[in-house]
Every structure is written in structure tokens, then in C-alpha cells.
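# Architecture and fold: a report
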Amino acid sequence: MFFPKWTNKVVKLVLAGAVLAGGGVAAIAGIVHQPSFTDVGYQPIQPVPYSHKKHAGDMGIDCRFCHTSVEQSAVVIVPPTQTCMTCHKQVKADSPRLAKVRESFETGKPIRWVKVHKLPDFVYFNHKAHVSAGVSCVSCHGRVDQMEEVQQVQPLNMSWCLDCHRDPAPHLRPKELVTKLDWVPPGDPAEIGREIVRVKNINPPLHCSGCHR
Amino acid sequence: MGSRWVVLLILAASCIGCSSLVKAHREPPLQIIPDMDDQPKYKPQAAGPFFGDGRASRPVVAGTVVYGLESGRYVSGNYAFYAGIDIERSETFYTGKEGDKYTGKNPLPLTEAVLKRGQERYNVTCANCHDRVGTGQGMVVLRGHPPATNLHDDRIRNMPDGQIFNTITNGLRNMMPLGHQISPEDRWAIIRYIRALQRSQNATLADVPDEQKGSLRK
């Protein structure tokens, strides 16, 4: 006999091991690859140490001063360097923290900000539609006005989107308060939202092509 | 041997999982199953290797005529469209000038919708320096920017609308140009609102309607 008898056991052990290992890896991967696991907490290092807390929080500059296109376009722009220089031509004009801003302004080469909230390329999110319905920035981006560095706080995955699309009322507010991140609804948010749903006839799509094309 | 690998694998995977769960992470999110998350296409403002400046979106070529958004009645920031305001898009509308002189006439009508829009845009864009009343004590000034003009100065009150439009568009002295941030119709709406602010700060008893005079306190 070429193989001794005990090798039969080895084969069984290896097979069992493989099944266990494969199952374990698959199970863990299934949990770990959830966006609430992988994406939440993403806080890339930006080329310029810009603080939303200082600008939007302490100084109360409206989101729309820099992110101008939010009410008109599907895509919200990261402001051009020119917008930074509106103030920083004068304020802290020599600060080394702003060296890259000045360089960009002089050369015309854009600053390479790192995108924090990235949706898959097959999702077509429309900022304009959400803002005009009365979904606040804070619903998806969190209290950016309290963040020194921007961090993703919501999973932004499909089931999370659909939670709101199925029942939008608690997440709606009057449109003029959309950029007021610290707004506290005076009463039951669902009730306020239901009135907005009724007046604006809000009916978020639940079909695939609402977000995918 | 097999069980040791299983344990190792489970440990490794849970470490990766927990590290992203516990605190903020600097690395891009882990993509175990990338699906078609990253497609070979450029989104607005994305970086691209083709052009020398690293931008995939191209800057507007000088002399480009805007087609679409601003060319018809459909206006960006389109309150004018929804308010049913038909704006004559002349040279004056975009420059504030009639020939060589600044126009004294605001192309937007004086309506509540225009004032509301002007108020909102003023508070977003101008109030940071000029403050919400217009006295030039905005947050940015308090934090070290050179003083902003008090909009209630006689100089500004007597300034033609077109000249204010030109200042918003192109900037003046310490004020940087804001034309890229505010659409022309919003600039005109802001001017309507500034005029209202000026009236409010220079009001006399005669401006109060008779029926409300009783509620005034001395």
C-alpha cells in the first residue's frame, strides 16, 4: 500500500478545515464589507488643514457660501481657490497652513482635495432634488460644522437611502433651514415632515431608475 | 494545521473589521467586493491624467456664450423663473452699465419674492463681512479681515444700482470679486434687498403706517 491507513483521516481533516475556513472568511467578509463597517469613519488627510468647525461652526458661514451649486445642480462643487481667497487674500495671508492655497491661486492649478463621501459610480445622487425637498445637509453629512476634519458618519449604502425614501417625513424640514445644521424641530419631526410631504407632494422614488441608470 | 489557519484568518479579518469600526480611519474604505463602484469615467471636478493641469473638467474658454441655464427664462437659482419674472437679458443686466455710465435701474421688479431671494442670498454671501444689518461688522471682519464698508453710508445710499452690481461682480479694494459665486439675477436681488436694509436703518416716524404708530415705544 502506498498510503498508510491514517492518511484517510488527514484527507477528512483537510476537507473539514477548508469548509470551516471558507465559511468563516465568507461570513466575516459579509459583515466586514458592509459600508456601515468600512465607510463610516473615513477621514482622509486633506492637502490643506481646512476646518469646517472654524468656518461653518464658529463663524457661522453658510454652507452655500462655498458650496454654491447645491440648490441648482445634482453635483455640489468643492469651491475654487478663488473662494478661499475671498477672505484669505487678507486674513492670515502669510500662514504656512495656507501655502498650498496661495500657490494654487497664483499658478491656477487646483488643490487636490480628497473626496470623503463617495458613492458608487452607478449611483446618481441629486443634491438639488434633496435640498429642495427639505432634506438637510446634516441628514447625510452629519454635524460638519463641528468637525475639524470632515469624516463620514453615515453608511450611505442603499438600504440606508431606502429607509428614508420609504418614510421621508421625519427627515424633512422647511427648505430655508436646510443649511442650519443645529436646527431642532419645534415639535414632532414626523408631523412637521408630513405637512411638507403633503404641501410639496413629495414622493421619493423606490424604483431602480430613481437612482440608477 | 488547518485549524490554525482558520483561527489566523478569522483574527486577521476581524482586526480589519474592528479597526474601521472603532475609530476614524485615514485610508480609503476597504472594498472587498468592488462591484462597479469605480468606473472608467470622470465625474465633475475629478482629477484626470490627460490634461497638464490634472483636471478632467475643463475650464470655460474665454468668450464662451452660456447656453441653456442662463440663455432663456430658465435661470440658475431660478426663483425668477418660478416667480414668473421675465428679465430682459441685455448687456446692462450682466454688467450694470449703460454705455459708460452705471445704470440706476434694477432690472428686477420690486416684489416680495425678489426681496426674499435677495435677503437669503445677502445673508449667505454678504453678511459674513457686512453683517446682517449691513453695518460692516460681520463675523469675518471681527475675526481679522480689514473692515467692510458700512452699507448705510451716504456714499453707498447714493450709489447707482449698477455700480453696486459692478462691485459685487468684480470686487473693490479689499473686497474680492464674487461674480463667480453669485448669479447675475441674484446680484440684482441682493441690491434690491440692500436698498430695503438702507431704508430700514434710515427710517423716520413718517415711514411708519398710521395704524402701527401706537405700538411704537419712545
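What counts, and where the lines are drawn
Residues numbered from 1 in each chain as written. Chains lettered and ligands numbered in written order. Predicted model: local features only at pLDDT ≥ 70, side-chain atom pairs only at ≥ 80, totals over all residues. Heavy atoms only, no water. Helix = DSSP H or I, 4+ residues; strand = E, 2+ residues; numbered from the N terminus. Rg over C-alpha atoms; globule rule 2.2 N^0.38 Å. Buried < 20%, exposed > 50% of the residue type's maximum accessible area, 1.4 Å probe, protein only. Contact = heavy atoms within 4.5 Å. Areas by Shrake-Rupley, 256 points an atom, 1.4 Å probe, with all protein chains shown as cover. Lys, Arg positive; Asp, Glu negative; His and termini not counted. Charge placed at Lys NZ, Arg CZ, Asp CG, Glu CD. pLDDT = per-residue confidence, 0-100. Patch = residues over 30% accessible without salt bridge, like charges linked within 9 Å, V, L, I, M, F, W, Y side chains within 5 Å. Salt bridge = Lys/Arg side-chain N within 4 Å of Asp/Glu carboxyl O. Expected span 1.5 Å × (residues − 1). Bend = angle between axes of the 7 residues up to and from the residue. Domains from an automatic or database assignment. Buried area = accessible area lost by both parts, 1.4 Å probe. Polar contact = N/O pair within 3.5 Å; in protein donor to acceptor, adjacent residues only side chain to side chain. Nonpolar A, V, L, I, M, F, W, Y, C, P; charged D, E, K, R; others polar. Core = buried A, V, L, I, M, F, W, Y, C linked by side-chain atoms within 4.5 Å. Axes fitted to C-alpha atoms, helices over the stretch in contact; angles between N-to-C directions. Parallel < 35°, antiparallel > 145°, perpendicular 65-115°, else oblique. Left-handed = near helix turned anticlockwise from the far one by under 90°. Phe/Tyr/Trp six-rings, centres within 6.5 Å; stacked < 30°, edge-to-face > 60°. Lys NZ or Arg CZ within 6 Å of the ring centre and 35° of its normal.

This paragraph deals with the overall build of chain A. When you go through chain A residue by residue, the secondary structure sums to 10 helices and 0 strands. Secondary structure of chain A in N-to-C order comes out as α-α-α-α-α-α-α-α-α-α. In summary, chain A has a C-alpha radius of gyration of 24 Å against a globular reference of 17 Å for 213 residues, an excess of more than 25%. Going through the 213 residues of chain A one by one, you find that 38% of them count as buried. Taking all contacts inside chain A whose residues are at least 6 apart in sequence as the whole, residues at least 24 apart take part in 67%. Counting every atom, chain A has about 12,500 Å² of accessible surface; 63% of that belongs to carbon and sulfur. A gap of 8 Å separates the mean positions of the 25 positive and 18 negative side-chain charges of chain A.

Attention now goes to the confidence of the model for chain B. Where the model shows low pLDDT, its predicted coordinates should not be examined in detail. Residues and elements named next belong to chain B. Per-residue pLDDT for chain B has a mean of 79; in total, 81% of the residues score no lower than 70. Counted against residues more than four places away or in other chains, residues 71-77, with its pLDDT under 50, gives 22 contacts. Interface confidence for the predicted complex, expressed as ipTM, amounts to 0.75; the pTM equals 0.78.

Moving on: a nonpolar patch on the surface. All names here are of chain A. A grouping of Trp-6, Val-10 and Val-14 is seen on the molecular surface, where their side chains present a nonpolar patch of about 320 Å² in accessible area. For Val-14, the position within the fold is in helix H1 (residues 7-32). According to the relative accessible area criterion, Val-14 is exposed, its value standing at 53%.

Our next topic: helix H4 (residues 112-130) of chain B. Residues and elements named next belong to chain B. Here H4 spans only 22 Å end to end across 19 residues, well under the 27 Å set by a 1.5 Å rise per residue. At Asn-123, H4 is deflected by roughly 50 degrees, the largest bend along its length. Directly beyond the C-terminal end of H4, a positive phi value near 60 degrees is found at Asp-131.

Here the domain parsing of chain A yields domain 1 (9-38) and domain 2 (52-78 + 113-210). Spacing between the C-alpha centres of domain 1 of chain A and domain 2 of chain A amounts to 38 Å.

Once that is clear, we can look at the interface of chain A and chain B. In this assembly, 54 residues from chain A lie in contact with 53 residues from chain B. Together chain A and chain B conceal approximately 4,500 Å² of surface at their shared face, both sides included; 58% is due to carbon and sulfur atoms. If you look at where chain A meets chain B, you find 5 salt bridges. Between Asp-38 of chain B and Lys-118 of chain A there is a salt bridge; the shortest N-O distance is 3.0 Å. At the boundary of chain A and chain B, one finds 20 residue pairs in polar contact (both at pLDDT 80 or more). It is H1 of chain A that provides the largest number of residues to the side of chain A that touches chain B, a total of 6 residues. Tallied by class, the residues present in the side of chain A that touches chain B amount to 27 nonpolar, 14 polar and 13 charged.

Quick look at the nonpolar core now. Core analysis: the biggest nonpolar cluster contains 32 residues, and Tyr-122, Ile-164, Ile-168 and Ile-190 of chain B have the highest contact counts within it. Among the elements that take part in this core, helix H8 (residues 184-201) of chain B stands out by supplying 7 residues, more than any other. Not counting residues within four places of it along the chain, the set of residues in contact with Ile-164 of chain B comprises Ile-156, Met-159, Ile-191, Ile-194 and Arg-195 of chain B. Within the second largest apolar cluster, 11 residues are counted, among which are Val-70, Val-116, Cys-137 and Leu-181 of chain A.

Turning our eyes to something else, we now look at the packing of helix H7 (residues 161-170) of chain B against H8 of chain B. Residues and elements named next belong to chain B. Running from N to C, H7 and H8 cross one another at 125 degrees; their axes reach a closest spacing of 10 Å. It follows from the interaxial angle that H7 and H8 lie oblique. Our pair here, H7 against H8, has a crossing hand that is right-handed. Judged by residue contacts, Asp-161, Gly-162, Ile-164, Phe-165, Ile-168 and Thr-169 of H7 engage Pro-184, Arg-187, Trp-188, Ile-190, Ile-191, Ile-194 and Arg-195 from H8. Among the residues making up the contact of H7 with H8, the classes are represented as 8 nonpolar, 2 polar and 3 charged.

Here the focus is the packing of aromatic side chains. Residues and elements named next belong to chain B. A full pass over the atoms with the stated rule returns 3 aromatic pairs over all chains. Residues Phe-165 and Trp-188 carry aromatic rings whose centres are separated by 4.4 Å and whose planes lie at 20 degrees to one another, so their mutual orientation is stacked. In this pair, Phe-165 is assigned in helix H7 and Trp-188 in helix H8, connecting sequence segments 23 residues apart. Of the two residues, Phe-165 and Trp-188, both sit in the buried class. Over the ring of Phe-51 we find Arg-58, and its NZ or CZ is 3.9 Å from the ring centre.

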